[in-house]
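Coordinate inspection notes
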Amino acid sequence: VRLWRPARAWRGREGAPYSTLVPSDEVTINYRHGLPVVTLTLPTRSERCRFTVKPMVTTVGAFLQDVQREDKGIERVEVFAADGSKVSDATLMEVLLMNDFKLVINNTAYSVSPPVKDKLSSEHTTEMEDIKSLVHRLFVALHLEDHQIRKERELLQKLDHLKEELLPLEQMKARIAENADAKTSRLLWVGLALMSTQGGALAWLTWWVYSWDIMEPVTYFITYGSAMAFYAYFVLTKQDYIYPDAKDRQFLHYFYRKSKKQHFNVERYNKLKEDLAEAEESLRRLRQPLHLRLPIQEINDKD
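Calculation rules
Numbers given to residues run from 1 along each chain, matching the order in which its sequence is written. In view of the model being predicted, local features appear only for residues whose pLDDT reaches at least 70, and side-chain atom pairs are presented and counted only at 80 or more, with totals across whole chains, interfaces and linings using the full set of residues. Side-chain metrics in this entry use all non-hydrogen atoms of the structure; hydrogen atoms and water are not considered. UniProt positions are given in the numbering used here, feature names are shortened, and annotations may be inferred rather than shown by experiment. A run of H or I in DSSP counts as a helix once it spans at least four residues, and a run of E counts as a strand once it spans at least two, with each numbered from the N terminus. Buried residues are those whose accessible area, probed at 1.4 Å on protein chains only, stays under 20% of the maximum for their type, while exposed residues exceed 50% and partly exposed ones sit between those limits. By definition in these notes, contact holds between two residues if any of their heavy atoms fall within 4.5 Å. Calculation of accessible area relied on Shrake-Rupley with a 1.4 Å probe; when residues are assessed, cover is drawn exclusively from the protein chains displayed. Grid points spaced at 1 Å over the protein atoms alone were grouped into cavities, where a 1.4 Å probe fits but cannot get out, and pockets, open sets with protein on both sides within 12 Å along at least five of seven lines, with lining residues defined by an atom within 4 Å of a point. Grid points are joined across faces, edges and corners, and a volume is the space filled by probe spheres set on the points. Each residue gets one of three labels, nonpolar for Ala, Val, Leu, Ile, Met, Phe, Trp, Tyr, Cys and Pro, charged for Asp, Glu, Lys and Arg, and polar for the others, Gly among them. When DSSP finds two or more bridges between a pair of strands, those strands are recorded as paired. Just to be clear on terms, a salt bridge is a Lys or Arg side-chain nitrogen sitting within 4 Å of an Asp or Glu carboxyl oxygen. Each axis is a line fitted through C-alpha atoms, and for a helix only the stretch in contact is used; angles between axes span 0 to 180 degrees, taken between their N-to-C directions. Arc definition: directions from the helix axis to the C-beta atoms. For this analysis, a polar contact is any N or O atom pair within 3.5 Å, provided that within protein one partner can donate a hydrogen and the other can accept it, and provided that sequence-adjacent residues contribute only side-chain to side-chain pairs. Among the buried residues, those of types Ala, Val, Leu, Ile, Met, Phe, Trp, Tyr and Cys that are joined through side-chain atoms within 4.5 Å form a nonpolar core.

Naming follows an unreviewed UniProt entry, where the protein appears as Calcium uniporter protein of Mycteria americana. Word for word, the UniProt comment on the protein under Function (unreviewed entry) is "Mitochondrial inner membrane calcium uniporter that mediates calcium uptake into mitochondria. Mitochondrial calcium homeostasis plays key roles in cellular physiology and regulates cell bioenergetics, cytoplasmic calcium signals and activation of cell death pathways."

Written out as C-alpha cells, the structure reads:
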C-alpha cells in the first residue's frame, strides 16, 4: 500500500500540481513471453488497454505515441522519474522499466512500480544458446547456396570489369616493356664491346708498343678505378653490383622513362592487377568446399 499526503500535490515539469495521484494498481506491468505488457485505463474510453513493448527497441517516445493514438482524448502524456525529473523520449523502455516511475496522462499522475524480471537459470540460458545456434545453422544451411551463387556472380562481374580495364593497359605495357628490354640488351652488348676493346688495347700496348713493366701500373690503376666505380654504385643504389640486379635496375629505368613519355599510369596498372589477383583468390576460395562456411576475411586471418 502506497501512502502520500493529499496536502502535498506532486508537481510536474512546469511546477503546476496535478489534480490526482493514482496508485500503481491503475497501471500494471506484466511479462508475457518475455516481453513487458503495460496495462492502463484510457481516460476518454474508460476501458483497460494493453500495450506490448519491445524493451530493446521501443523508446519512451514511441510508447507515449502509441498511447495517444489509442485514445484521441489524451492531450498530454509524459513520463517522470521517481525524483520528479522528466524522462527523455529517446530513452529505451528497458532502461525505464528498471526503476519506479510516474506516468502522467492529462492531469492524472500514475505511480508505476515495474516488477523485477526473473533472471534465467544457467541451464535455461544454455538451452537458449543451443536453440540460437541451431537456428543459425539452419539459416546458413538454407541460404548458403543462394549467398554463394550471388557472391560468385558479383566476383565474376568484377573480374570481367577489371579485365576490360586492364586490356589496353596490358597492350601498352607490353610495347613499353619490349622497348625497354631492347635498350637494356643493347646496353649489355655495348658494355661487352667496351670491355673487349679495353682488353685488346691493353694487350696491344703490352706486347707491341710497351713492355709489361710499363703497363703493369696502368692495369693496376684501371683495376682500382673499376673498384671505385663499383663502390660508387653501391653508395648510390644501396645494392651490390650483381649483374642480374643491375640489368633489372636498368630495365626499370628505361621502362619508367618510356612510360612517362607515353602517359602510361603505372600506379593505376598496379592497383588494377592487385584488385584482379584479390578477386581471383576470393573466387577460388569461394569455390573450395572446405571453406564454404568461412568468410574470405576470416580465411585470410587464418592464413
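Additional details are given in the paragraphs that follow.
Concerning the overall build of the protein
Helix and strand counts for the protein stand at 7 helices and 7 strands. When the helices and strands of the protein are placed in sequence order, the string is β-β-β-β-α-β-α-β-β-α-α-α-α-α. Taking all 303 residues of the protein together, the buried fraction comes to 25%. Across the protein, the fraction of contacts at a sequence separation of at least 24, relative to all contacts at a separation of at least 6, is 57%. Summed over all atoms, the accessible surface of the protein reaches about 21900 Å², with 57% contributed by carbon and sulfur.

Focus on the layout of surface pockets
The probe, sized like a water molecule, is rolled over the atoms to show the empty space still left. If you add up the space inside the largest pocket, you get close to 630 Å³. In terms of lining, the largest pocket is formed by 20 residues, of which the most central are Leu188, Gly191, Met195, Tyr241 and Tyr243. For the lining of the largest pocket, the secondary-structure elements that each account for two or more residues are α3 (122-209), α4 (212-237) and α5 (243-261). Taken together, the residues of the lining of the largest pocket break down into 11 nonpolar, 7 polar and 2 charged.

A look at the pairing of strand β4 (residues 47-52)
The sheet contact formed by strand β3 (residues 35-42) and β4 spans 6 bridges and is antiparallel. Looking across to β4, one finds that Leu40 is bridged to Cys49. Linking β3 to β4, which pair antiparallel, is a turn of 4 residues; within it Ser46 sits at a positive phi near 55°.

Observations concerning unusual backbone geometry
A positive phi angle, near 55°, is found at Asn106, a position not held by glycine. By the element assignment, Asn106 lies in the loop between β6 (101-105) and β7 (108-112). You can call Asn106 partly exposed: its relative accessible area is 22%. For Lys238, which is not glycine, the phi torsion reads 60° and is therefore positive. Examined against the element boundaries, Lys238 turns out to sit in the loop between α4 and α5.

Some points on the pattern of salt bridges
Side-chain pairing between opposite charges can occur once the charged atoms of the two side chains come close. Within the structure shown, the criterion is met by 7 salt bridges. Among the salt bridges present, the one from Glu78 reaches Arg76, with a minimum N-O distance of 3.1 Å. For Lys271, the salt bridge is made with Asp275, and the minimal N-O distance between the two is 2.9 Å. Residue Lys271 and its partner Asp275 are both found in helix α6 (residues 266-286); the two are separated by 4 residues, about one turn of the helix. Lys271 gets classed as partly exposed once you look at its relative accessible area, which sits at 44%. A relative accessible area of 17% means that Asp275 is categorised as buried.

A short note on the UniProt feature "transmembrane region" (unreviewed entry) in the protein
Taking the numbering used here, the UniProt-annotated feature "transmembrane region" (unreviewed entry) corresponds to residues 187-206 and 218-236. The distance from the first to the last C-alpha atom of residues 218-236 is 27 Å, and the span holds 100% helix and 0% strand.

What to know about the sheet that holds β3
The strand order across the open sheet formed by 3 strands is β2-β3-β4, and the pairing between neighbours is antiparallel. A strand with exactly one partner marks an edge of an open sheet, and here the two such strands are β2 (28-32) and β4. The mean inter-strand angle of the sheet, taken between neighbouring strand axes irrespective of direction, is 30°. By the bridge criterion, 5 bridges tie β2 to β3 in an arrangement that is antiparallel.

Overview of helix α1 (residues 60-70)
Listing the buried residues of α1 in full gives Val60, Gly61, Phe63, Leu64 and Val67. The buried residues of α1 all sit within an arc of 160° when viewed along its axis, so they share a single face. For α1, the elements touching its buried residues are β3, β4, β5 (77-81), α2 (93-96) and β6.

A few points about the side chain of Glu78
Topologically, Glu78 is positioned in strand β5. At 3.1 Å, the side chain of Glu78 forms a polar contact with the side chain of Arg76.

A look at the nonpolar core
Counting 24 residues, the largest nonpolar core has Leu40, Phe63, Val79, Phe101 and Leu103 as the members making the most contacts within it. Within the residue set of this core, elements represented by two or more residues are β3, β4, α1, β5, α2, β6 and β7. For this core, the leading source of residues is α1, giving 4 residues. Residues contacting Val79, with those up to four places away along its chain left out, are Val60, Leu64, Lys86, Val87, Leu96, Phe101, Lys102 and Leu103. One finds Leu162, Tyr269, Ala279 and Leu286 within the second-largest nonpolar core, a separate group that totals 18 residues.

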